[in-house]
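What the coordinates show
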Amino acid sequence: LRTGLNVHTSDTVTLQDIATTIEQPPGLTLMLFLDGGVDATIGGVPLNVGRHEDEPVRGVMISRTRPDRFVRHARKGDRLRKVIVTMSPQWLAESGIDDIAGRETVRAFCNTHLARFDWIASPAMIAIAEQMLHPPHDGSYPESLYLESRALDLVAEAFAALASEGREALRTGLSPVEQRRLQA
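An account of the accompanying structure is given in this report. (Residues numbered from 1 in each chain as written. Predicted model: local features only at pLDDT ≥ 70, side-chain atom pairs only at ≥ 80, totals over all residues. Heavy atoms only, no water.)

1. Some thoughts on the packing of aromatic side chains
- Per the counting criterion, the structure on display carries 1 aromatic pair.
- Judged by centre distance (5.1 Å) and plane angle (15 degrees), the ring pair of Phe117 and Trp119 falls under stacked.
- Judged by relative accessible area, Trp119 falls into the buried class, the value being 3%. (Phe/Tyr/Trp six-rings, centres within 6.5 Å; stacked < 30°, edge-to-face > 60°. Buried < 20%, exposed > 50% of the residue type's maximum accessible area, 1.4 Å probe, protein only.)

2. Let's talk about the nonpolar core
- Ranked by size, the top nonpolar core spans 34 residues in total, and within it Leu30, Met61, Val85, Met87 and Leu154 carry the most contacts.
- Of all the elements in the fold, those that place two or more residues in this core are β3 (27-42), β8 (79-87), α1 (89-93), α2 (103-110), β9 (116-120), α3 (123-133) and α4 (143-172).
- Top element by residues in this core is α4. It accounts for 9 residues.
- In this structure, Leu154 is in contact with Leu30, Leu32, Val83, Val85, Met125, Ile128 and Met132, ignoring residues within four places of it in sequence. (Core = buried A, V, L, I, M, F, W, Y, C linked by side-chain atoms within 4.5 Å. Helix = DSSP H or I, 4+ residues; strand = E, 2+ residues; numbered from the N terminus. Contact = heavy atoms within 4.5 Å.)

3. Concerning the pattern of salt bridges
- Counted under the stated rule, the structure contains 7 salt bridges.
- Note that Arg75 and Asp39 form a salt bridge whose closest N and O atoms lie 3.8 Å from each other. Of this pair, Arg75 sits in the loop between β7 (68-74) and β8 while Asp39 sits in strand β3; the two residues are 36 residues apart in sequence, bridging distant segments of the chain.
- Asp39 gets classed as partly exposed once you look at its relative accessible area, which sits at 37%. (Salt bridge = Lys/Arg side-chain N within 4 Å of Asp/Glu carboxyl O.)

4. Focus: the side chain of Thr29
- Relative to the assigned elements, Thr29 resides in strand β3.
- Under the relative-accessibility criterion, Thr29 is labelled buried at 6%.
- Among the polar contacts listed, one links the side chain of Thr29 to the side chain of Arg64, at a separation of 2.8 Å.
- Sequence-distant contacts of Thr29, defined by excluding residues within four places in its chain, comprise Val60, Met61, Ile62, Arg64, Ile84, Val85 and Thr86. (Polar contact = N/O pair within 3.5 Å; in protein donor to acceptor, adjacent residues only side chain to side chain.)

5. With respect to unusual backbone geometry
- Non-glycine residue Asn48 carries a positive phi angle of around 50 degrees.
- Position of Asn48 among the secondary structure elements: in the loop between β4 (45-46) and β5 (49-51).
- For Asn48, a relative accessible area of 66% gives the class exposed.
- We note that Leu114 has phi near 60 degrees; this positive angle belongs to a residue other than glycine.
- Examined against the element boundaries, Leu114 turns out to sit in the loop between α2 and β9.

Below, the structure is given as structure tokens:
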């Protein structure tokens, strides 16, 4: 895709136990797990991302203001269906964040190392993720352009969710998930 925007999709079953360690650069990562989850940490903080069949699909965004270590463990037989969109700080700066409602909330989130935002994914987001997992291969549409357009739709929805739900989380210090638990 264009510089600064990366997409990773996966519809897999792990064939053997593996451990992966990489250094993730600064940026923003948007994750949608349609099935399964990962045992992973970033900067030593457990990610706790994924989905069991009886749970709704959740979106998760993580901000990194500096490089940090990502460690993942996978076990043989794990089923995983996910879409991950990663944006570099330069891409974010050039993406027009200053033109959106809730820009202060989005900007504050992007400028906080290991900030995390969780929300229940809309049916539209889930449909977009499914489209990204199964792009058309008939040659009528360039696959990279198709994936980029879908990634931009996911990013726009995520920023809208952050701008609306994130304002309250920033005021209270509680995540939207924690706020819902407290209200329940």
